[in-house]
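One-letter residues, chain by chain:
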Amino acid sequence: KIFQATVSCIGGDGTIYIIPKLFETALNKLMAEIQNTFKGLGLLIPYCWKKGEACVVRGSDTVWYRAKIIEVSGGTLQVQYIDHGYIESIPQCHLYPTTFYTGIPPFCIPCQLYKTLPIGNFWQQDAVDYLQELLRNEEVEIHVKELPNNPWDKLSISLYFGGMSLSSFMAYQKYCVAEDCQDTEKLGLFEGDLSPSYLLQPLPVPGETFPVTVTHLVSPKEAYICLGSSGNLTKHSATERAASCDSESLNKALKWCNKIVKTLPHVTNFKKELPCLAEYVDGLWYRAKLLSITQLVPVQILVQFVDYGTYLVAPTSRLRHIPHHLLKYPMQAVRVLLAGFRPALDDKNVERIPYSPEWSLKALWTMVDCVEGKRLFASILTVSPEVTISLYGDDKNLVHLKLIEMGLAELDQ
């Protein structure tokens, strides 16, 4: 069985507590009912608490939770929040004994990684801390491998975050040994020798109009676009729906990669077109490919971000190996040429684009204003030798008409 879940906490012994997404509505309903039933402070009169007794606990967030007594020690009780897994020491005045809701099973499930042996036969504190930092409150994919003999024991699972196996990742970090090595190969952190490459984005059929976003302009004539979605996806083609699904999954995978990026090795092979992760000016890491070495001392590399089309010159400290599973998503940005216009021969603006001097900088900035943050539509005219499109605004007019009105371009029949 495979399902999505949220990791609620990591126990001190490395137990992974998960709440299946299917349970969340019922849990939220129960929590709302508990808040309506219990108000104010906990039990203020003396009470003889017993180990295993059911209670409700007023947490540090002033919310009431279901719990059970784990240990009694003077005026402080150790309790476990049964719907979230975590254990805490609580003063007696924050608890209330109850038989309410005891017929409802806990919503969180204790789990252990299948065929995964921690170093030293138990999870070390630094490994537990790392798991907590990596997984707590995050949505993950659970593959059930083995059911426990006792229903209260741990479920044996394989856990995947952003398409990556947790067992394989923790083994790579030397926190454990994964007996089932099948996933370790899929981790693919050292793929440089295999010359991996990105997949191309499938395109809609020529003549079909589809929503796009312009992610980068090289010149008024040359751009990078992403297939976008506007409104109800069911109204759009299978290509657009697949692109939207890919983009969402890729964003989730990249979010996870940003959490673990410091564990990934730096790039040492500077082969042209080699996929990598590169740090952008916003401090986040994105998929990229190497284009050229622009400086030797210190080494500076020109990279292109394949999901946007933008370029960056970066030191090697801002380049990391890319996990192999990120290569299964097609490049989101597609290089296109815009049809129907050409540079105006009588454009007297002296400031030109250095790498494309047939165009003035004013023409480029005008085109940026026409497309940046705008809802746009495209129709493919040709796919070879270059992908050529007609680009329309939300008003169904060609975006380049503004340049022609301003004398910065002319019609090209």
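Source: prediction; values computed, not measured.

## Overview of the overall build of the protein
Alright, step 1. Looking only at helices and strands, the protein has seven helices and 27 strands in total.
Alright, step 2. Its C-alpha atoms give the protein a radius of gyration of 28 Å, clearly above 22 Å, the size a compact globule of 413 residues would have.
Alright, step 3. Along the three orthogonal principal directions, the C-alpha set of the protein runs to about 95 × 50 × 35 Å.
Alright, step 4. Burial analysis of the protein (413 residues in total) assigns 47% to the buried set.
Alright, step 5. For the protein, restricting intrachain contacts to residue pairs at least 6 apart in sequence, the fraction spanning at least 24 positions comes to 61%.
Alright, step 6. Accessible area for the protein stands at about 21400 Å²; split by element, carbon and sulfur atoms hold 55% of it.
Alright, step 7. Averaging the coordinates of the 38 positive side-chain charges in the protein and doing the same for the 43 negative ones gives two points 2 Å apart.

## A closer look at the domain arrangement of the protein
Alright, step 1. Domain parsing of the protein yields domain 1 (1-183), domain 2 (208-230 + 333-411) and domain 3 (265-322).
Alright, step 2. On a C-alpha basis, the centres of domain 1 and domain 3 stand 40 Å from each other.

## Examining the sheet that holds strand 7 (residues 95-97)
Alright, step 1. Taken in spatial order, the five strands of this open sheet run 6-5-4-3-7, and their pairing is antiparallel. Each edge of the sheet is formed by a strand with only one pairing partner; in this case those strands are strand 6 (87-91) and strand 7. Strand-to-strand twist across the sheet, computed as the mean angle between neighbouring axes with direction ignored, equals 45°.
Alright, step 2. By the bridge criterion, six bridges tie strand 4 (residues 64-73) to strand 5 (residues 76-81) in an arrangement that is antiparallel.

## A few points about the sheet that holds strand 16 (residues 275-279)
Alright, step 1. On the basis of which strands lie adjacent, the open sheet formed by five strands has the order 19-18-17-16-20 and antiparallel pairing. Of all the strands in the sheet, just strand 19 (311-315) and strand 20 (319-320) have a single pairing partner and so form its edges.
Alright, step 2. Pairing analysis gives five bridges linking strand 16 to strand 17 (residues 285-295), with the strands arranged antiparallel. Bridge pairing in strand 17 links cysteine 276 to alanine 288.

## Points about the environment of serine 219
Alright, step 1. Locating serine 219 in the fold gives a position in the loop between strand 14 (209-217) and strand 15 (222-227).
Alright, step 2. Placed 185 residues apart in sequence, serine 219 and isoleucine 404 show a C-alpha to C-alpha distance of 15 Å.
Alright, step 3. With sequence-adjacent residues up to four places away left out, serine 219 is seen in contact with Ile353, Ser356, Trp359 and Leu364.
Alright, step 4. A distance of 3.2 Å separates the side chain of serine 219 from the backbone nitrogen of glutamate 222, its partner in a polar contact.

## With respect to the UniProt feature "domain: Tudor" (unreviewed entry) in the protein
Alright, step 1. Cross-referencing UniProt, the feature "domain: Tudor" (unreviewed entry) maps to residues 48-105 and 269-329 in the present numbering.
Alright, step 2. Taken end to end, residues 48-105 has its terminal C-alpha atoms 25 Å apart, with 0% of it in helix and 50% in strand.
Alright, step 3. Here residues 269-329 is 0% helix and 48% strand, with 22 Å between the C-alpha atoms at its ends.

## Details of the side chain of arginine 287
Alright, step 1. Relative to the helices and strands, arginine 287 resides in strand 17.
Alright, step 2. A relative accessible area of 0% places arginine 287 in the buried class.
Alright, step 3. A polar contact of 2.7 Å, which involves the side chain of arginine 287, links it to the side chain of aspartate 307.
Alright, step 4. Of the polar contacts made by the side chain of arginine 287, one reaches the backbone oxygen of tyrosine 329; its length is 2.8 Å.

## Focus on the pairing of strand 26 (residues 388-392)
Alright, step 1. Of all five residues in strand 26, four are buried, a share of seventy percent or more.
Alright, step 2. Here two bridges tie strand 21 (residues 333-338) to strand 26, and the two strands are oriented parallel to one another. Residue leucine 338 lies in a different strand from strand 26, and its bridge partner there is isoleucine 389.
Alright, step 3. Looking at chain direction, strand 25 (residues 376-382) and strand 26 are connected through five bridges and run antiparallel. Looking at the pairing, serine 379 lines up with serine 390 of strand 26.
Alright, step 4. Counting the residues that bridge the hairpin from strand 25 to strand 26 gives five residues.

## Focus on the layout of surface pockets
Alright, step 1. As a volume, the largest pocket reaches approximately 750 Å³.
Alright, step 2. In this structure, the largest pocket is lined by 31 residues; those nearest its centre are Lys68, Pro106, Cys108, Pro110 and Trp152.
Alright, step 3. Looking at the lining of the largest pocket, the elements with two or more residues in it are strand 3 (54-58), strand 4, strand 5 and strand 8 (109-113).
Alright, step 4. Its residues placed into classes, the lining of the largest pocket shows 20 nonpolar, six polar and five charged.

Reading guide: rules and limits
Residues numbered from 1 in each chain as written. Predicted model: local features only at pLDDT ≥ 70, side-chain atom pairs only at ≥ 80, totals over all residues. Heavy atoms only, no water. Helix = DSSP H or I, 4+ residues; strand = E, 2+ residues; numbered from the N terminus. Rg over C-alpha atoms; globule rule 2.2 N^0.38 Å. Buried < 20%, exposed > 50% of the residue type's maximum accessible area, 1.4 Å probe, protein only. Contact = heavy atoms within 4.5 Å. Areas by Shrake-Rupley, 256 points an atom, 1.4 Å probe, with all protein chains shown as cover. Lys, Arg positive; Asp, Glu negative; His and termini not counted. Charge placed at Lys NZ, Arg CZ, Asp CG, Glu CD. Domains from an automatic or database assignment. Pairing = 2+ DSSP bridges. Axes fitted to C-alpha atoms, helices over the stretch in contact; angles between N-to-C directions. Polar contact = N/O pair within 3.5 Å; in protein donor to acceptor, adjacent residues only side chain to side chain. UniProt positions renumbered as here; feature names shortened; annotations may be inferred. 1 Å grid on protein atoms, 1.4 Å probe; cavity = no way out; pocket = protein on both sides within 12 Å on 5 of 7 lines; lining within 4 Å. Points joined across faces, edges and corners; volume = space filled by probe spheres on them. Nonpolar A, V, L, I, M, F, W, Y, C, P; charged D, E, K, R; others polar.

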